[in-house]
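Architecture and fold: a report
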Amino acid sequence: MATALPATAAASCRLQLSRRGTSPSLSPPRGSTFRCHGGSSVACSCSPGPPPAVPGERRGGVAGQATSPEGTVRIVAVVGEGTISPIKDTPWEEVMRHTADRLKWIDEGFEMLVFTDNSIEKDDIRKELSRCDMLVNVAVTNQDVIQWLIDNSKDISNIICFQSSPRLLNKLGGTYVQYTGEQDMFGKLASIGKQSGVKESAEVLKTISNAWERHNSDDIRFCLLVVVNAYIRPVAMLQNLRAKGLSTLSCMIKNCGPQILNCLFDPNCRKALQCLNSCSPTDQVCNYRCIASYESPYLEAFSLCVLQKHNCLDLNAEIPSKPNVIPLAMFREQKLTHEIAEDLFVGWLDSMEWSWRVTAGQNPAYDQFPCQYQLFYRGKAKGSFWYEPVFQVKTLEGKLVWRRRRYRVRRASTPGTFYFSVLDNGVVSKEFWTIVDVAEDFSWGLFHYHGAAKAAGLSYTGAVLVTPDGSYPDVEDPRLASALEKCAIKKWELYTVDNSCCLGAPLGTPEGFRFGGVLVLPDGPDELAPAFLIPCGKSSHGGYGFCYSKRFPM
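Every chain's residues receive numbers from 1 upward, in the order its sequence appears when written. A pLDDT threshold of at least 70 governs which residues receive local features in this predicted model, and a stricter bar of 80 or more applies before side-chain atom pairs are shown or counted, although totals over entire chains, interfaces and linings include all residues. Side-chain measures here rest on the full set of heavy atoms in the structure, leaving out hydrogens and waters.

Named according to an unreviewed UniProt entry, the protein is VDE lipocalin domain-containing protein originating from Digitaria exilis.

This part takes up the state of the cysteines. In protein chemistry, a disulfide is the covalent bond that joins the sulfur atoms of two cysteines. Here, two cysteine sulfur atoms that lie within 2.5 Å of each other are counted as a disulfide. Scanning all chains against the criterion turns up six disulfides. Between the sulfur atoms of C275 and its disulfide mate C290 the distance is 2.0 Å. Since a negative S-S torsion denotes a left-handed disulfide, the C275-C290 link at about -70° is left-handed. Within this pair, whereas C275 is found in helix α8 (residues 267-277), its partner C290 is found in helix α9 (residues 284-294), the two being separated by 15 residues in sequence. As far as burial versus exposure is concerned, C275 and C290 are alike and both buried. Here the disulfide map of the protein reads 1-10, 2-9, 3-4, 5-8, 6-7, 11-12, the bonded cysteines being numbered as they appear in the sequence. The thiol of C501 is not disulfide-bonded; the next cysteine sulfur, from C371, is found 6.7 Å away. Secondary structure elements follow DSSP: runs of H or I of four or more residues count as helices, runs of E of two or more count as strands, with numbering from the N terminus. We call a residue buried when its accessible area falls under 20% of the maximum for its residue type, exposed when it is over 50%, and partly exposed in between, using a 1.4 Å probe and counting protein chains only.

So, on to the pairing of strand β7 (residues 159-162). Residues I159 and C161 line one face of β7 and the alternating positions I160 and F162 line the opposite face, and both faces are buried. In terms of strand pairing, strand β6 (residues 134-138) meets β7 through four bridges, oriented parallel. Its bridge partner lying in β7, L135 is registered against I159. Two strands are said to pair when DSSP picks up at least two bridges between them.

As a further point, take the pattern of salt bridges. Every case where a carboxyl oxygen of Asp or Glu lies within 4 Å of a side-chain nitrogen of Lys or Arg is listed as a salt bridge. Per the counting criterion, the structure on display carries 20 salt bridges. Across the pair R102 and E493 runs a salt bridge, and its minimum N-O distance is 3.6 Å. On the criterion of sequence distance, the pair formed by R102 in helix α1 (residues 92-106) and E493 in the loop between α12 (478-486) and β21 (495-496) is long-range, its members being 391 residues apart. Take R102 and E493: they sit in the same class, and that class is buried.

Following the sequence through the fold, T461 ends up in strand β20 (residues 458-467). By definition in these notes, contact holds between two residues if any of their heavy atoms fall within 4.5 Å. When neighbours within four sequence positions are excluded, T461 is seen to be in contact with P320, K322, Q362, N363, Y449 and H450.

Aromatic rings from Phe, Tyr and Trp, with only the six-membered ring used for Trp, were paired whenever their centres fell within 6.5 Å, and each pair was classed as stacked if the ring planes differed by under 30 degrees, edge-to-face if by over 60, and tilted otherwise. Evaluated as defined, the whole model comprises 30 aromatic pairs. Judged by centre distance (6.2 Å) and plane angle (65°), the ring pair of Y449 and Y460 falls under edge-to-face. Here Y449, found in strand β19 (residues 445-453), pairs with Y460, found in strand β20; they are 11 residues apart in sequence, far enough to count as distant. Positioned above the aromatic ring of W354 is the side chain of R357, whose terminal nitrogen or guanidinium carbon lies 5.7 Å from the ring centre. Either the NZ atom of lysine or the CZ atom of arginine qualifies as a charge over a ring when it sits within 6 Å of the ring centre and within 35 degrees of the ring normal.

Turning to the nonpolar core, a few remarks are in order. If you look at the biggest cluster of nonpolar residues, it comprises 68 residues, and the most contacted ones within it are L344, F345, F420 and F447. What fixes the domain bounds is an automatic or database domain assignment. Both of domain 2 (246-309) and domain 3 (330-496) provide at least three residues apiece to this core. Counting 40 residues, the second-largest nonpolar core is a separate cluster that includes V73, M96, M134 and V227. Here, the term nonpolar core denotes a set of buried Ala, Val, Leu, Ile, Met, Phe, Trp, Tyr and Cys residues that are joined through side-chain atoms within 4.5 Å.

Listed in full, the buried residues belonging to helix α3 (residues 143-152) are V145, I146, W148 and L149. For α3, the angular spread of buried residues about the axis comes to 165°, placing them on one side. Buried-residue contacts for α3 involve β4 (73-79), α2 (123-131) and β6. Two to three positions downstream of the cap, the backbone nitrogen of D144 sits 3.0 Å from a side-chain oxygen, assigning the N-cap of α3 to N142. Relevant arc is that of directions from the helix axis to the C-beta atoms, nothing else. Whenever two N or O atoms come within 3.5 Å, that pair is a polar contact, provided that in protein one can donate a hydrogen and the other can accept it, and provided that, for residues adjacent in sequence, both atoms are side-chain atoms.

Below you can see the structure in the form of C-alpha cells.
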C-alpha cells in the first residue's frame, strides 16, 4: 500500500503560542530555532538538522561543508567477508552491492564500490580510498584489517561504521565520532579533531542511527544519502526539506493563523507536531508513523493550509523515474488493454469484500502496516475508477486503529499503468502505478508505484505483493521471481505484512459502484450468457476452486 507523506514539513514550522490574558495569539519567535514542548506554551521547531553541503575544499572540509565539488560522489564500502546482515540473514556483501545499484536511481553521479575485507591490500582498493568522498565499514572486525583501514583512511573526511569494531571511528566532515557503547549505536560525539559543526554532526548521527536500526534496504541507502547531502553535495530528494526562515513564519501567520491555533490547542494535533519535531524531516518512516498515529481533522486543516494551499515552506518534489518498471503485456494469452488492467486491480471484489490483501511490501514507510486491504472499483461516473486502501496502524501509544484513504485513478497511456492521486492528511500525493504481473489463477499480483507529495517536498517508490487472503504465495514461483526482478527488488527487501488479527476492518464500497469488466453479460437468464471460470476461493484440497464470472475468459 502506498500512501502520501503529507505532514513531514508540519514539524518544521517556527511557531510560538503565547497567552496574554485569556486570548491566544501568534507571535514571531525572537530566536531563530525552537522545539516543541508540552504545557501551555507550545513551540514548534523549524530546525531540520544540518544544512545541505556547500562547495568546500576536498578532504579538509569541516562539518556541514562539502568535501567534493559538484559532480561524481565516490563511496567505498568495505564489508566483512562472509558476514550476515539482520535483513533476513542476507549476506552483507549482497545488501551493499544492491544498495550501490539503488543509489544510481537517485543520481547517476553516485558511485559506490564494494570490497570485502579480504581484498584490502590490493592496489585497486588503495587507489579508490585515495580519491573517495566517503568510506563505509560494515561488519569489519578483523584486527589486521582494522589497522590497515585506520592507516589508509586518515585523509577521508567522512567515515561511517556499522556493526564494526569500536576501534574504527566515525568521522563526518573531518570531525571524529568516538564509539563509547552508550546512547545510540554511534555513542557520543567526541571532542576529537575539529570542533565546528559538532551540533550539526550530532543531528546527522541521530538520523543515521535511527534509520540504520530499522534494518531495511531503503534506510541503508537513506543513511548514505544523509551524509552525502550534509557533507559532500546536495541530494535533490533531501535538500528541499528545510524551513526558509522568517519568510516561512510570515507566510504561516498571514495565511493560516486559525488553523495553527486550532492544531496547537487540539491534544492529538499537538502530539503530531511534537512527534514530527522528534524526526528528521528527511526520515519518511519516522514522519509517517507520527502522522498515522495522530491524524485528526485539525492536522489535516493545518497541513492543507500551510503546505498544500500556500506552500509556506517553498517545497517541491517530482515523481521518481527510476526504476523503470515495464507493465504486464499479456494476460491469459490476450494483449493487455486498459479494461483488462482495471479488472486485474478489481480482482476478487465481486466474490469477497476486498479486491486484494497485501502480503508483503517494499517501502518501509508505507507498505509495512498490518492488515492491508485493497478495494478497487469503478465509480458511478463514466470512466471513473477508485482505489481505497484500508489498513491498521499500531500508534506510538500502543493503540490499534484503522485508517482508510481514497485515491482517484486515471489510466496512463500504456495499458497496465495508472495515475493515482489522494488528499492524505491535507497534502496531495500523486503516484504512478504499474501492474507488474498477476498470476493467471489470481493467486497473487505485484503492483509497483512511484510517488511524490510535492507540497511536502518528498518522493518515494515501493511495491506491494498481493494475494486473495493475505497469505504468502510460493516464493519459488519463477514467474514471481521474474516480476520482482522487473522492479529491481530482492526477495529479502520485502516486509511481510502482519495479517494475523484483522477483525473489524471498515470495508465496504460506495453505493452505485460497478465491477464492470471487459465482457459484459447481456440482460436475461445466466444460461444464455457465455460463462467463464475464474478462481473464487480455496477448495477443500487446498487449491483454488472456480466459479462463474462476468469477467475474464480462461
